[in-house]
Amino acid sequence: MDTNQDLPAIDSHRALQIWITENLKMLPLPERAHGNFFEECCYIILHVPQSPKANRGGSSDLHYWIGKEANAETQGAAVTSVQRLREVLGEQTVLHRESQGHESDCFHCYFHPGVVYRKGGRASALKHVETNVYNVQRLLHIRGRKHVSATEVTLSWNSFNKGDIFLLDLGKVMIQWNGPKASISEKSRALALTCSLRDRERGGRAQIGVVEDENKATDLVHIMEAVLGCRSGSMSAAVPSDSVSQQQKANVRLYHVFEKGTDLVVQELATRPLTQDLLQEEGCYLLDQGGFKIYMWQGRNSSPQDKKAAFTRAVGFIHAKGYPSYTNVEVVSDGAESTAFQQLFQTWSKEPDGKKHRGGHKRMQAKLDVSKLHTQPELAAQLRMVDDGSGNVEVWCIQDLQRQPVDPKHHGQLCSGNCYLALYTYKNLGRVRYILYLWQGRQTTIEDTKALNGNAEEMDLMYHGALVQAHVTMGREPPHFLAIFQGQLVVFQGCADNGGKRPPISSTRLFHMQGADSLNTRTMEVPARASSLTSGDIFFLVTTDVCYLWFGKGCNGDQREMARMVVTVFAGNNAETVLEGREPPHFWEALGGRAPYPSNKRLPEEVFSTQPRLFECSSPSGCLVLTEVVFFDQEDLDKYDVMLLDTCQEIFLWLGEEAGEQRKEAVAWGREYLRTHPAERSLDTPIILVKQGHEPATFTGWFVTWDPYKWMNNQSYEEVVEGSLGPASVISEITAVSLQQFPWSGFRWCQEACGFNVIFSGHQSSIFRELFSGQEVHNFQLTRGPGDNKAGPSTLLASKSSQESPESILELGLGVDGKNPSKSPSKGCSSSAANGSLPRERLMHQAVEDLPQGVDPARKEFYLSDSDFQDIFGKSKEEFYSMAKWKQQQEKRKLGFF
């Protein structure tokens, strides 16, 4: 085997590059073929981030993909090629092994709106995907929620089931059949893939029919029966999802892999929770995540032999454990770990130069510039502040399961035995915004917690769903919650009196203050004994006669100044300043005598460098399943979704406006995520509910770009199906369909079994001659037989560009006006329109009534010549139609084609 073949050139300016392996050569695939994978082949995929910000990191990802029918020789060639390519790219590249149907979330995120698995080998794959080819007859099985895949299956009703979606692709006609058990989210994403196939492979010149209810789409069902035969027997039940739950992903084991003499030793080191210091720079380690995924970590000083054997050892481990052969493998190098790998450890931090720092590092205190928070959401997200807290605050205490308003002069004085609602109102860019904080003390009852949530929902209804709900636990308050009380948040032990007023101080109480300004200070009551003191902070010792301000030796001037503001909460007590080491005897007597306490300065909180992660939430079988969107942006938020954004310090749950009953599960899902996290995350981590259209800057700032007007142009699945692609995109009844290479016996069977007649266009004698000579049937229509009483319009999304003359294309029957387009008096104009050759001045800024006949007003840009289209839009039609629908509309509106 020659391993010295030339490797392909790498274009660092292209985000995604794909090669197919042939012998030991890597043959590049054009962009139009991306997302199509042939089952007998192996592919190599390289993703190079074009912006560190967009990637939330900077490492490249190199994948090799194995088709389920690929032979051992093909797989071996792919492994050799991908290893040699990684040597060239360097160890900063993360290496992945992917198997058909079981790819990683990272892999799927490259291909929007989905991947297509096709039958065949290299010969078929190297033909690539041609545009405007209609000699097609295939059935695609579409599965997936966030990551969609379509697999080519046998053209038979036996391939169908009730839970999934199937696409019957006949070239000029594409029929999407939605299983009765499929969710609206699955239907919507399947339709996006169907439209993408139409635009990429047919140049937009195809009609899409959707079978939502077979009783209301009888025409489409008859067409399907003409191809698939008459259906007999009951359809298969929905196939259970094979997705991996969070509970399974929580089981992690770390192994040290090394050679001892001639033996390979795999030694178990630790289970959950793992710590970063277990990884030594001289070694190689295997991390098993519940049999779902295998990571191989290579220390920077490990031997070249160990690094080269990483894949082999991972595959050997998979076989030894009896895991499925398709188990995903990821090879990471010291200093270039993926975020998914980092978050399997309880702590993970890096020095600025990329070297690991085992003991953590200091928090960088960013000075808050309020004027920048509204214009720089990224800053707001990092500081966890929507503003400086100067907006309006209302507080309620939950008592007797009801909310009782708290007097403004007692705002910020909370009790550990109660729950509180704090409504914060502020303005952002002239718009009124709301954050409702649900604060829960550590000593509250289950009944109080339920009442807290119930009252929050009542208030949300009062504000028409505009409230951002932040669930906050005592002691883990986010910075903005502290800011709205201007540093005077004081938490007392016990329960509040009527009206939410904190109980009077009738005995000695000790309070621990942490913070240095009005934006980060909290004060918590602690046991009144000397051992509670620490030299780095400030304490208030409150007695019936005096309030001592005890300044530890490690506190600074800002802390002391803040303490003089907080002490006013304990009004009625004389304040007396006490320096550590100069305490009067009465001070120690009040604490029950002297006792040892920490004398070192309190260490600052550790900040971890792990990047934020976005997941789609679902619970198909009662267990939480999360699907990650690795390179996320606003486009990945769909109105049917509940999405979880983990920023390490907070958990955001984004609720799409059409998420339905799933919205009620959001908080529970957030808590389950924390509970089952492999790194054993704190259950007190704030959980923030964010509704579509009401996102605060602390959420939007984690996205590369954010369009606040996006939701105004967002179309629902029903709108698309009902014809929102354009005024002429819905045809009330399909009366014709074009099929290719269909035997005459099939037509006769259709007429007898399905109850409709086959009516041929043109002279029957010539058609019959074509049939009997084995040539194609070019033109025919399907019409109802006289005995067929079934009625009801079929759903059809169409392009008028399909109405080309019968001399040049396969005729599709009646147009939207019920007339045969081939008999239109303006046949020449229609033909020019369909061929995309109309001059720009007849299309740009033209009213509907002024357009040439045959032009779809919703797709005026389509009728431009390719050169004019490129000149006006700055991109090809293929690139334009692969964009999101709302982006297309934005450009069309701007350029005069809307």
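Rules behind the numbers
- Residues numbered from 1 in each chain as written.
- Predicted model: local features only at pLDDT ≥ 70, side-chain atom pairs only at ≥ 80, totals over all residues.
- Heavy atoms only, no water.
- Helix = DSSP H or I, 4+ residues; strand = E, 2+ residues; numbered from the N terminus.
- Buried < 20%, exposed > 50% of the residue type's maximum accessible area, 1.4 Å probe, protein only.
- Areas by Shrake-Rupley, 256 points an atom, 1.4 Å probe, with all protein chains shown as cover.
- Pairing = 2+ DSSP bridges.
- Axes fitted to C-alpha atoms, helices over the stretch in contact; angles between N-to-C directions.
- Contact = heavy atoms within 4.5 Å.
- Phe/Tyr/Trp six-rings, centres within 6.5 Å; stacked < 30°, edge-to-face > 60°.
- Lys NZ or Arg CZ within 6 Å of the ring centre and 35° of its normal.
- Salt bridge = Lys/Arg side-chain N within 4 Å of Asp/Glu carboxyl O.
- Lys, Arg positive; Asp, Glu negative; His and termini not counted.
- Core = buried A, V, L, I, M, F, W, Y, C linked by side-chain atoms within 4.5 Å.
- Right-handed = clockwise from strand over helix to strand, strands pointing away.
- pLDDT = per-residue confidence, 0-100.
- Polar contact = N/O pair within 3.5 Å; in protein donor to acceptor, adjacent residues only side chain to side chain.
- Disulfide = S-S within 2.5 Å.

Q: Would you mind showing me how to read the overall build of the protein chain here?
A: The helix and strand inventory of the protein chain stands at 25 helices and 37 strands. Counting all 898 residues of the protein chain, 55% fall into the buried class. As presented, the protein chain carries roughly 38,700 Å² of accessible surface, and 48% of it is formed by carbon and sulfur atoms.

Q: Teacher, can you tell me more about the sheet that holds strand β14 (residues 263–271) here?
A: Through backbone hydrogen bonds, the strands of a sheet pair up, either in parallel or in antiparallel fashion. Across the sheet, ten strands lie side by side as β2-β1-β4-β5-β6-β17-β16-β15-β13-β14; this open sheet has mixed pairing. Across the chains shown, the open sheet's two edge strands, defined by having one partner strand only, are β2 (25–28) and β14. On average, each strand axis in the sheet is tilted by 25° relative to the strand beside it, whichever way the strands run. Where strand β13 (residues 252–260) lies against β14, eight bridges are found, and the strand directions are antiparallel. Bridging from a neighbouring strand, Glu259 pairs with Leu264 of β14. Set on the sheet, helix α2 (residues 72–89) makes contact with β1 (16–22), β2, β4 (42–47), β5 (61–66), β6 (94–99), β16 (293–298) and β17 (328–333); between it and β5 the angle comes to about 175°.

Q: For this particular structure, what's the right way to read the environment of Gln92?
A: By secondary structure assignment, the location of Gln92 is in the loop between α2 and β6. Residue classification places Gln92 among the partly exposed positions, given a relative accessible area of 46%. Taking the C-alpha atoms as reference points, Gln92 and Ala336, separated by 244 residues in sequence, lie 5.2 Å from one another. Dropping the residues within four chain positions of it, Gln92 is found in contact with Ser59, Ser60, Gly335 and Ala336.

Q: I keep staring at the packing of aromatic side chains and nothing clicks. Help me out?
A: To describe a pair of aromatic rings, one takes the distance between the centres and the angle between the planes. Inspection of the entire model under this criterion finds 49 aromatic pairs. Arranged with centres 4.8 Å apart and planes meeting at 45°, the rings of Trp157 and Phe160 form a pair that is tilted. When its relative accessible area of 2% is taken as the criterion, Phe160 is described as buried. One aromatic cluster in this structure is built from Phe37, Tyr43, Trp65, Phe107, Tyr110, Phe111, Tyr117 and Phe631. Above the face of the Trp157 ring, Arg231 is positioned so that its terminal group lies 4.6 Å from the ring centre. Seen from the ring of Phe862, Arg859 lies directly overhead, with NZ or CZ sitting 5.4 Å from the centre.

Q: Before we go on, may I ask you to explain the environment of Gly90 in this structure?
A: Relative to the elements of secondary structure, Gly90 occurs in the loop between α2 and β6. Given the relative accessible area of 23%, Gly90 is considered partly exposed.

Q: Is there a simple way to explain the pattern of salt bridges in this structure?
A: Once their charged atoms are close, side chains differing in charge can pair, the charge on each being opposite to the other. For the structure shown, the criterion picks out 39 salt bridges. Note that Glu672 and Arg675 form a salt bridge whose closest N and O atoms lie 4.0 Å from each other. One end of the pair is Glu672 and the other is Arg675, both in helix α17 (residues 666–675) and three residues apart, which spans about a single turn.

Q: Any chance you could explain the side chain of Lys249 here in plain terms?
A: Along the chain, Lys249 falls in helix α7 (residues 246–249). One buried charged residue, Lys249, forms no salt bridge at all, with the nearest opposite charge on Asp105 at 4.9 Å. If we ignore the near neighbours within four places in the chain, the residues touching Lys249 are Val244, Gln289, Phe292, Leu626 and Pro678.

Q: Help me out: how do you make sense of α17 in this one?
A: Given 3.6 residues per helical turn, the α-helix brings residues three or four places apart onto the same face. With seven of its ten residues buried, α17 lies for the most part within the structure. Listed as buried for α17 are Ala666, Val667, Trp669, Gly670, Glu672, Tyr673 and Leu674.

Q: What is the right way to look at the nonpolar core in this model?
A: The nonpolar side chains of a soluble globular protein tend to be buried, and buried together. Counting 78 residues, the largest nonpolar core has Phe37, Tyr43, Ile45, Tyr420, Phe481, Phe540 and Phe570 as the members making the most contacts within it. Membership of the second largest hydrophobic core comes to 26 residues, among which are Val82, Val257, Ile294 and Met296.

Q: Where do I start with the pairing of strand β15 (residues 284–289) in this structure?
A: Within β15, six of the six residues are buried, which leaves the element mostly enclosed by the surrounding structure. Pairing between β13 and β15: six bridges, direction antiparallel. Considered in β15, the bridge of Leu254 is made with Leu287. In this sheet, β16 lies alongside β15 in antiparallel orientation, the contact comprising six bridges. Bridging from a neighbouring strand, Leu286 pairs with Met296 of β16. Adjacent in sequence and paired antiparallel, β15 and β16 are bridged by three residues, among which Gly290 carries a positive phi angle near 60°.

Q: For this particular structure, what's the right way to read the pairing of strand β33 (residues 651–655)?
A: Remark: a regular strand shows side chains that alternate across the two faces of the sheet. With respect to burial, β33 is a largely interior element, five of its five residues being buried. Residues Ile651, Leu653 and Leu655 point to one face of β33 and Phe652 and Trp654 to the other, with burial holding for every one of them. Two elements, strand β32 (residues 642–646) and β33, share five bridges in a ladder whose sense is antiparallel. Residue Val642 lies in a different strand from β33, and its bridge partner there is Leu655. Two successive antiparallel strands, β32 and β33, enclose a turn made up of four residues, where Cys648 displays a positive phi of approximately 80°. Direction of pairing for β33 relative to strand β34 (residues 687–691): parallel, over a ladder of five bridges. Bridge pairing in β34 places Ile651 opposite Ile687. Once you follow β33 into α17 and on to β34, the crossover reads as right-handed.

Q: Is there a simple way to explain the sheet that holds strand β20 (residues 413–415) in this structure?
A: Taken in spatial order, the seven strands make up an open sheet running β20-β24-β26-β25-β27-β28-β29, and their pairing is mixed. Strands with a single pairing partner mark the edges of an open sheet, and in this sheet they are β20 and β29 (574–579). Adjacent strand axes in the sheet meet at a mean angle of 25°, parallel and antiparallel pairs treated alike. As judged from the three bridges shared by β20 and strand β24 (residues 489–492), these two strands associate in the parallel manner. Counted as the bridge partner of Gln413 is Val490 from β24.

Q: Would you mind showing me how to read unusual backbone geometry here?
A: A negative phi angle characterises most non-glycine residues, just as the trans form characterises most peptide bonds. Between His112 and Pro113 the backbone carries a cis peptide bond, its omega angle lying at 5°. With respect to the secondary-structure elements, Pro113 resides in the loop between α3 (105–108) and β7 (115–118). Omega for the bond connecting Arg272 with Pro273 falls within 30 degrees of zero, at 0°, which places this linkage in the cis form. Looking at the element boundaries, Pro273 is found in the loop between β14 and β15. If you check the backbone angles, Asp400 has positive phi at about 55° while not being a glycine. Looking at the element boundaries, Asp400 is found in the loop between β18 (392–399) and β19 (402–405). Since its relative accessible area comes to 74%, Asp400 is described here as exposed. At Leu401, a position not held by glycine, the phi torsion is positive, near 65°. For Leu401, a relative accessible area of 44% gives the class partly exposed.

Q: What is the right way to look at helix α6 (residues 218–228) in this model?
A: With eleven of its eleven residues buried, α6 lies for the most part within the structure. Along α6, the positions that sit buried rather than exposed are Thr218, Asp219, Leu220, Val221, His222, Ile223, Met224, Glu225, Ala226, Val227 and Leu228. Once α6 ends, the next one or two residues include Gly229, with phi positive near 90°.

Q: How should I be thinking about the confidence of the model for the protein chain in this particular structure?
A: As a note on interpretation, predicted positions should not be read in detail where pLDDT is low. For the protein chain, the mean per-residue pLDDT works out to 81, and 81% of the residues sit at or above 70. Contacts from residues 352–366, a stretch scored under 50 in pLDDT, to residues over four places away or in other chains number 30 contacts. Across residues 724–795, where pLDDT falls below 50, the model places 158 contacts with residues more than four positions away in sequence or in other chains.

Q: How should I be thinking about the environment of Arg14 in this particular structure?
A: Mapped onto the fold, Arg14 is located in the segment before β1. On the basis of relative accessible area, Arg14 is assigned to the partly exposed category, the value being 27%. Taking the C-alpha atoms as reference points, Arg14 and His47, separated by 33 residues in sequence, lie 8.3 Å from one another. Not counting residues up to four positions away in its chain, the partners in contact with Arg14 are Glu31, His34, Val48 and Gln50. At 3.4 Å, the side chain of Arg14 and the backbone oxygen of Leu16 are in polar contact.

Q: Would you take a moment to explain the state of the cysteines for this structure?
A: Here, the word disulfide means a covalent bond between the sulfur atoms of two cysteines. Under the counting rule described, the total for this entry stands at zero disulfides. Looking at Cys106, it has no disulfide partner, and the nearest cysteine sulfur is the one in Cys109, 6.8 Å off. As a non-bridged cysteine, Cys415 has Cys397 as the owner of its nearest cysteine sulfur, 7.2 Å distant.

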